[in-house]
Amino acid sequence: GRGSLGGKMGAESLTLDCLIHIFSYLEAPDLLRAAQVNKTWLEATDTTSLWRNMCLNQWAFCNISVTPGMQTWKKYYLHRSNIEHKMISGQPSVDYTCKAIRGHQGEIQDMAYLSPNEHTFAMGKVKSIVCTASGDGTVKAWDVQEGTQIWSSPKQEMKLVQVITIPQHNLVVTRDLHGTIKLWHGDTGKELGAFSTESTFCPTVAYTINNKPFLSVATSSEKIYTLAVPDLSQISCINPFPNCSVDLSPCSPDGQSIVVLPLDSNEAPKVLYTHYATNPEDDQLMFSSPLPVNKCAFVTCWLPAEPARIALMHRIDQCDNITTFDITIQKSKNKMNIMVQQVGIFRLPKKHIFTEYRTIAGFGKQMLLIAFDRELKLYSLNGTELNTFQDHMKMITSIWVVYTVIIYYSPTCCIIRST
C-alpha cells in the first residue's frame with residue numbers, strides 16, 4: 001500500500017529492528033512460519049532476545065549454558081516444548097518408557113535422584129541415576145533409562161529407612177533404623193563417613209550454601225544437629241520446641257529454609273533459617289513465627305520452580321487439607337525477618353480421609369502430585385484435579401519429580417515415566 005507521504009510502505013521496507021519488535025508479539029508457531037518468508041525475516045526471527053524472552057516467560061528456570069546441545073535459546077525452547085508436548089500426548093514405548101527396577105531383597109524404603117537436573121534436556125544420551133534404600137540393608141544406584149543396577153553398598157547391620165542425594169557434589173546419604181547416618185560416593189558406592197545419633201527417629205535433610213554441603217538432623221531427644229560434609233562434624237545443636245520431638249521438611253530450592261514440624265499436636269510448624277544453623281555464632285533470627293495452619297501438619301513438599309514455595313498437608317475437622325505458602329528472607333536494618341504468605345488452600349475429597357498412606361510432590365510452580373494408595377493425582381494449588389494415573393497394583397509410597405521424569409514406587413516395584 002501507500003503511506004501518507006506517497007512512499008511505498010510494504011513489508012520489505014521494514015527495518016530489521018521493526019521486524020524484531022513486531023515479531024516479539026508472536027508465539028513460537030507464528031515465528032517459525034514467518035521465518036520461511038525470506039532471508040530478512042529469517043534473520044529477525046532468529047534473534048536471541050525473542051526466544052530468550054519466550055523461555056523465561058514459559059519457565060521459571062532456564063540455563064542453556066549448562067545443558068549439552070543447547071547452544072541457542074531457540075533450540076532450548078523448541079526442544080523443551082517438544083518434551084512437554086510428548087508428556088501430554090505421548091504413547092508408551094514411543095514417547096516415554098516405563099521400567100520396573102527390581103533387585104532389592106527387601107522393601108524399598110526411600111529413593112532419590114542423583115543426576116544433576118540440567119541433564120534433563122540434553123540432546124545427546126546422558127545417564128540418569130536414581131538411588132534406592134531398602135529394608136535389606138543396602139543402598140543401590142540405578143540407570144534410569146535402562147533400569148539396571150550401577151552399584152550396591154555392602155549390606156548394613158540395620159534396615160535403611162532414608163536416602164538423600166547431593167548431586168552437585170556426587171554424594172549419597174543414608175540413615176538406618178537406629179539412627180546411623182552414612183555418606184557414600186555417588187560414582188562407586190564407597191563409604192566416606194558415618195555419624196551416630198543414637199536415635200531411632202532422626203529425619204535428615206541435606207542442602208548446599210555457597211557450594212558447601214550440610215546436613216541437618218532432628219532426633220527424638222528434641223534437638224536438631226547441623227553437620228558439616230564430608231567429615232560429618234557437628235556445627236550446631238538447637239532445640240526449637242522444648243519437650244517436643246520434631247520432623248523436618250526438605251530444604252527449600254533456594255537453600256534458605258527448612259520447615260520444622262512438631263510432633264506435638266499443640267504446636268504449629270516453624271521455618272528454620274539455614275544460615276543460622278550453619279553459622280551459630282551469627283546473631284540472626286533462628287525461627288519464624290508459627291505458621292498459620294492448624295496443629296496437625298504431617299506431609300510437606302516444595303514447589304521446585306519457585307525459590308521457597310511449600311505445600312503442607314494438614315488436618316482440619318477430620319479432613320485433609322493442602323495449604324501452600326511462599327517464604328522469603330528479608331533484611332530489615334541489622335536483622336533478618338522470615339516472611340510467610342499464603343498462596344492457596346483446598347480440601348481433599350472425603351473419600352481419601354482413611355487412605356493408609358499419602359505422599360505429595362511439587363511439579364513446576366502451580367501443581368501438586370498426590371498419591372492415594374494405588375492412585376496418583378495431579379492437582380492445581382486451588383484444588384482442581386487435572387489428571388489421574390493408575391499404573392500401580394500396590395500402594396504408592398514415594399514420588400520423585402525431575403522436570404520431565406516422574407518416578408513413583410510401591411514397596412516392590414518402581415515405575416519411571418520419562419520422555
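The coordinates are above.
Below or above, wherever it landed, is the structure these notes cover. (Residues numbered from 1 in each chain as written. Predicted model: local features only at pLDDT ≥ 70, side-chain atom pairs only at ≥ 80, totals over all residues. Heavy atoms only, no water.)

### Considering the overall build of the protein chain
Right, on to step 1. Along its length, the protein chain carries six helices and 26 strands.
Right, on to step 2. Residue burial in the protein chain is summarised as follows: out of 419 residues, 49% are buried.
Right, on to step 3. Of the contacts made within the protein chain by residues no fewer than 6 positions apart, 42% connect residues no fewer than 24 positions apart.
Right, on to step 4. Summing over all exposed atoms, the protein chain offers an accessible surface of approximately 20700 Å²; the carbon and sulfur share of this is 49%. (Helix = DSSP H or I, 4+ residues; strand = E, 2+ residues; numbered from the N terminus. Buried < 20%, exposed > 50% of the residue type's maximum accessible area, 1.4 Å probe, protein only. Contact = heavy atoms within 4.5 Å. Areas by Shrake-Rupley, 256 points an atom, 1.4 Å probe, with all protein chains shown as cover.)

### A few points about empty space enclosed by the protein
Right, on to step 1. Counting across every chain of the model gives one cavity of 30 Å³ or more.
Right, on to step 2. Its boundaries defined by the atoms lining it, the largest cavity holds a volume of some 30 Å³.
Right, on to step 3. Every residue lining the largest cavity is listed: Gln156, Leu160, Thr174, Arg175, Asp176, Thr180, Lys182 and Trp184.
Right, on to step 4. When residues of the lining of the largest cavity are traced back to their parent elements, those giving at least two are strand S6 (171-176) and strand S7 (180-185).
Right, on to step 5. Here the lining of the largest cavity is built from residues that sort into two nonpolar, three polar and three charged. (1 Å grid on protein atoms, 1.4 Å probe; cavity = no way out; pocket = protein on both sides within 12 Å on 5 of 7 lines; lining within 4 Å. Points joined across faces, edges and corners; volume = space filled by probe spheres on them. Nonpolar A, V, L, I, M, F, W, Y, C, P; charged D, E, K, R; others polar.)

### Overview of the side chain of threonine 274
Right, on to step 1. Counting through the fold element by element, threonine 274 comes out in helix H6 (residues 274-278).
Right, on to step 2. When its relative accessible area of 1% is taken as the criterion, threonine 274 is described as buried.
Right, on to step 3. Setting aside residues no more than four positions away along its own chain, threonine 274 makes contact with Tyr207, Ile209, Cys251, Gly255, Gln256, Ser257 and Ile258.

### Structural notes on the environment of serine 236
Right, on to step 1. Relative to the helices and strands, serine 236 resides in strand S12 (residues 234-238).
Right, on to step 2. Serine 236 sits 20 residues away from serine 216 along the chain, and the two C-alpha atoms are 9.2 Å apart.
Right, on to step 3. Side-chain polar atoms of serine 236 contact the backbone oxygen of alanine 277, separated by 2.7 Å. (Polar contact = N/O pair within 3.5 Å; in protein donor to acceptor, adjacent residues only side chain to side chain.)

### As for the environment of valine 271
Right, on to step 1. Residue placement: valine 271 occurs in strand S15 (residues 270-273).
Right, on to step 2. Here valine 271 falls in the buried class, since its relative accessible area comes to 0%.
Right, on to step 3. Sequence spacing of valine 271 and serine 288 is 17 residues, and the spatial spacing of their C-alpha atoms is 5.1 Å.
Right, on to step 4. Contact partners of valine 271, with chain neighbours within four places excluded, come to Ser257, Ile258, Val259, Met286, Phe287, Ser288, Leu291, Ile327, Ile338 and Val340.

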